[in-house]
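Coordinate inspection notes
Letter by letter, the chains look like this.
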Amino acid sequence: MVYFINDIITGALIGLLYSLVAMGFVVIYRASKVFNFAQGELVIIGGFIVWFTTMQAGLSLWLSIPLSLVLAGLVGYAIERIFLTKLIGESVFSMVMVTVGLLILLRGLVLLVFGPAVRPFPIIFPLKPLFLGDMLIPMNLLIGGIITIVAAVGLSWFFNRTRSGLRMTAVAEDHVVASSMGISVKGSIAVAWVLGAILSTIGAMIFLSGKSLTFLASDIGFAALPVALFAGLESIGGLILAGIIIGIAQSLTTNYLDPLIGGSLGSVVPYIIMLAILLIRPTGLFGWRTIERV
Amino acid sequence: MALLLLAPYLVSSRIIAILNMMMISAVIAVGLQICTGYAGQINLGQAAFMGVGAYTASILASKTGLTFLLTIPLAGLSAALFGFLFGLTAARIKGFYLALTTIAAQFLFHFAVLNLPSTWLGGSNGITVPPAELFGLRFVSESSQFYLNFAVTAIMVAGAFGIVRSRFGRAFVAVRDDDVAAGIMGINVAATKANAFLIGAFYAGVGGALWAYLIRFVGVDQFTLFHSIFFVAMIIVGGMGSIVGALIGVFIIRIIQEIIATVGPNIADSVSFLGGDIVFAGMNVVLGGVIALFMILEPKGLMHRWNILKSSYRIWPFPY
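Residues numbered from 1 in each chain as written. Chains lettered and ligands numbered in written order. Predicted model: local features only at pLDDT ≥ 70, side-chain atom pairs only at ≥ 80, totals over all residues. Heavy atoms only, no water.

This is how the line gets drawn: UniProt positions are given in the numbering used here, feature names are shortened, and annotations may be inferred rather than shown by experiment.
As recorded in an unreviewed UniProt entry, chain B goes by the name Amino acid/amide ABC transporter membrane protein 2, HAAT family, listed as coming from Lutimaribacter pacificus. You can read under Subcellular location (unreviewed entry) in the UniProt record for chain B the words "Cell membrane".

In the nomenclature of an unreviewed UniProt entry, chain A is known as Branched-chain amino acid ABC transporter permease of Pseudooceanicola atlanticus. Quoted straight from UniProt, the Subcellular location (unreviewed entry) entry for chain A says "Cell membrane". Comment text from UniProt for chain A, heading Sequence similarities (unreviewed entry), reads "Belongs to the binding-protein-dependent transport system permease family. LivHM subfamily."

**Regarding the nonpolar core**
Selection rule: Here, nonpolar core refers to any group of buried Ala, Val, Leu, Ile, Met, Phe, Trp, Tyr and Cys residues whose side-chain atoms link them within 4.5 Å. Burial classes: relative accessible area under 20% of the type maximum marks a residue as buried, over 50% as exposed, and values in between as partly exposed (1.4 Å probe, protein chains only). Numbering of helices and strands runs from the N terminus; a helix is a DSSP stretch of H or I covering at least four residues, while a strand is a stretch of E covering at least two. Two residues form a contact once any of their heavy atoms are found within 4.5 Å.
Within the largest apolar cluster, 191 residues are counted, with the highest numbers of intra-cluster contacts made by Met23, Phe37, Leu102 and Trp193 of chain A together with Tyr55 and Phe223 of chain B. Ranked by residue count, the leading element in this core is helix α3 (residues 13-38) of chain B, at 16 residues. When neighbours within four sequence positions are excluded, tryptophan 193 of chain A is seen to be in contact with Ile28, Ser32, Asn36, Leu42, Gly76, Ile79, Glu80, Leu84 and Leu102 of chain A.

**Observations regarding the packing of helix α10 (residues 237-261) of chain A against helix α11 (residues 269-280) of chain A**
All names here are of chain A. Rules: Note on definitions: angles span 0 to 180 degrees between N-to-C directions of axes, and those axes are lines fitted to C-alpha atoms, for helices only across the stretch in contact. In this scheme, roughly parallel covers angles under 35 degrees and roughly antiparallel covers those over 145, while 65 to 115 is roughly perpendicular and the rest are oblique. Helix crossings are classified by the rotation of the near helix relative to the far one: an anticlockwise turn of less than a right angle makes the crossing left-handed, while a clockwise turn makes it right-handed. Residue polarity follows a fixed list, in which Ala, Val, Leu, Ile, Met, Phe, Trp, Tyr, Cys and Pro are nonpolar, Asp, Glu, Lys and Arg are charged, and the others, Gly among them, are polar.
Axis separation between α10 and α11 bottoms out at 9 Å; the angle between their running directions is 135 degrees. Classified by the angle their axes make, α10 and α11 are oblique. Our pair here, α10 against α11, has a crossing hand that is right-handed. For the pair formed by α10 and α11, the contact residues are Ile246, Ala249, Gln250 and Thr253 on the first element and Val269, Pro270 and Ile273 on the second. When the residues that make up the contact of α10 with α11 are grouped by side-chain class, the tally is five nonpolar, two polar and no charged.

**Here's the deal with the UniProt feature "transmembrane region" (unreviewed entry) in chain A**
Residues and elements named next belong to chain A. According to UniProt, the "transmembrane region" (unreviewed entry) feature falls on residues 12-29, 34-53, 59-79, 91-115, 135-159, 189-208, 220-248 and 260-280. Summarising residues 34-53: 75% helix, 0% strand, and an end-to-end C-alpha distance of 30 Å. With 100% helix and 0% strand, residues 189-208 has its two end C-alpha atoms placed 28 Å apart.

**Thoughts on the UniProt feature "transmembrane region" (unreviewed entry) in chain B**
Under the present numbering, the feature "transmembrane region" (unreviewed entry) in UniProt falls on residues 6-32, 44-62, 68-88, 95-114, 146-164, 194-214, 226-253 and 274-297 of chain B. From the first C-alpha to the last, residues 146-164 of chain B spans 26 Å; its make-up is 100% helix and 0% strand.

**Observations regarding a nonpolar patch on the surface**
Heads up, the rule is: Patch building starts from residues that exceed 30% relative accessible area and form no salt bridge, then joins like charges within 9 Å and nonpolar side chains (Val, Leu, Ile, Met, Phe, Trp, Tyr) within 5 Å. Residue exposure ignores everything except the shown protein chains as possible cover, and the areas themselves are Shrake-Rupley values with a 1.4 Å probe. Salt-bridge detection follows one rule: a side-chain nitrogen of Lys or Arg within 4 Å of a carboxyl oxygen of Asp or Glu.
A cluster of nonpolar side chains, Met1, Tyr3, Phe4, Ile5 and Tyr256 of chain A, forms an exposed patch at the surface whose accessible area comes to about 580 Å². Residue contributions to the nonpolar patch peak at three residues, all from helix α1 (residues 2-32) of chain A.

**Topic: the confidence of the model for chain A**
Rules: Scored from 0 to 100, pLDDT reflects the predictor's confidence in each residue.
Here chain A shows a mean pLDDT of 85. Residues at 70 or above account for 97%. Ranking the elements of chain A by mean pLDDT puts strand β2 (residues 130-132) of chain A last with 78 and helix α3 (residues 61-84) of chain A first with 90.

**Details of the environment of leucine 213 of chain A**
All names here are of chain A. Mapped onto the elements, leucine 213 comes out in strand β4 (residues 212-213). Exposure remark for leucine 213: the relative accessible area of 0% places this residue in the buried category. With 96 residues separating them along the chain, leucine 213 and alanine 117 place their C-alpha atoms 8.5 Å apart. In contact with leucine 213, other than residues within four places in its own chain, are Ile44, Gly47, Phe48, Trp51, Ala117, Val118, Arg119, Phe121 and Leu208.

**Examining the interface of chain B and chain A**
Worth spelling out the cut-off: Defined here as a combined quantity, buried area equals the accessible surface (1.4 Å probe) lost by two parts on assembly, summed across both. Pairing of N or O atoms within 3.5 Å defines a polar contact, subject to two protein rules: one partner must be a possible hydrogen donor and the other a possible acceptor, and residues neighboring in sequence count only if both atoms are side-chain atoms.
Taken together, the contact pairs 46 residues of chain B with 48 residues of chain A. Note on chain B versus chain A: buried area summed over both sides is about 4,100 Å², and carbon and sulfur give 83% of it. For the pair chain B and chain A, the interface holds zero salt bridges. Counting the contacts that link chain B with chain A gives zero residue pairs in polar contact (both at pLDDT 80 or more). Within the residue set of the side of chain B that touches chain A, elements represented by two or more residues are α5 (68-90), α6 (96-115), α11 (189-215), α12 (225-238) and α14 (277-297) of chain B. Ranked by residues supplied to the side of chain B that touches chain A, first place goes to α14 of chain B with 13 residues. Here the side of chain B that touches chain A is composed, by residue class, of 33 nonpolar, eight polar and five charged.

**Overview of helix α4 (residues 92-114) of chain A**
Residues and elements named next belong to chain A. Quick note on the threshold: One fewer than the residue count of a helix, multiplied by 1.5 Å, yields its expected span.
Helix length check: α4 (23 residues) gives 33 Å between terminal C-alpha atoms against 33 Å at 1.5 Å per residue, within 8%. Most of α4 sits out of view: 19 of its 23 residues are buried. Glycine 115 occupies a position one or two residues after α4 and carries a positive phi of about 75 degrees.

Listed below in structure tokens is the structure:
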């Protein structure tokens, strides 16, 4: 029973990590109507920035973490300026394909610049797990979960309550309408990408803290994708619930079903949930009901 | 055309190998062109469909010993069935949500191969494929395979020209341009979308079977999301909504790939820390850059440029 509860808690915390990465998807979508397939690559770029500032440049954590976040924001801004600004008003297909192009472009660049070598990642959160009776909870995931919830509440407030957040929401509704209302579509998309890159970097810190860093870590982007869709692409608060549900489902499948069938069903459970939600309720749990059905 | 038939006698075997790859890619890219370019259904799972075809062909060939005359169409059919399942989701959702389900197809394929019992699909070891054989003639050498690929590719491409001219093809274009209007004109939109996936996946399956007979080995790593994106890059470069465009795109992307594969190892010697990954990395950088550049500068592809050039030549010296 203790192990069962422990599995549920660990699963929920991993789910919250997925939520944080998925928040990158949602923030970019929520402020620019662009679905960013290259989210996993942003995570890995964030990871390399953190690695560079701490391990390579030898800065202390208190200095390197804010610096990394600033640098990541700059990278996000640069990507937006180079690729996305030019596509305002273009079709969905163009937007999707540019981020797909970005996905392989960034992966290639990371490989070219940093190579396939495995690197140690700085220990940002204490390695020692938290013991709760017989239960054992990884510290990085616990702190990460708290950060995720704080970020979700904060961003949710920003997008739903503040004036600039609502402006960005209008951009996500319709580029043309928003710009004719005097809202800067360019500015909104720029803010979105800066935020997305910063969130990805925080995700990278939690995910990789004390582990090793290779370009393959970008797979977390695709692991987080089902969470974003399950919650609905416009809902930031909903990500928490969606992440927890998917994390628990995955953890229970991995721990109890996989030994029975001898496979790794756990790794596809999020995708099965994603397919199901796309078929039953394409807007996700909390998304806006704007998806056109045929 | 006739010159192409004589190619094995005219050029070196290296070029024949490249031509083989090009023809197989052409079959798959033409299928993607019908699905994405004509019917407007974003498909990021073409490599998974190709994989289904390749696995079907190799299992049929290695376990039942069926002739390739049967395994290639059957591979196409099984891939078509797989594609149709995902096409059904296209009947309900559109735009990039669709792209997400096709990505899910990619992951499910990967999972199925790796996690089903390895006696079924070979697991992570892959499957070795016996060579194609007809009347005691074995398609082993590059040049004999050239004829096999050439025959199949010619049939498939000719078929594609037929399909896009037929009522199906016109329905695809109508659905792509405006599905509501198409529905009002009496086109069954859902069925048309599912059909587009069916046909696109059939082409991918046939291409996959050819691939299995060419490489004589299939493994799950040959059919990743990256390969799907490469195929999408081909039709974007060539031009959406044109069969000839798909062929041009295949030609250009494969040439780029060859250049990188040839030049890459030389560069790798000077920057040794990258090792063998430089080809993959270079490929990604170039193709990602190409996709983004074309989407920003020329979303309609090279075929569109060519058409502009052609019409301005025709009406010269008048501007219009």
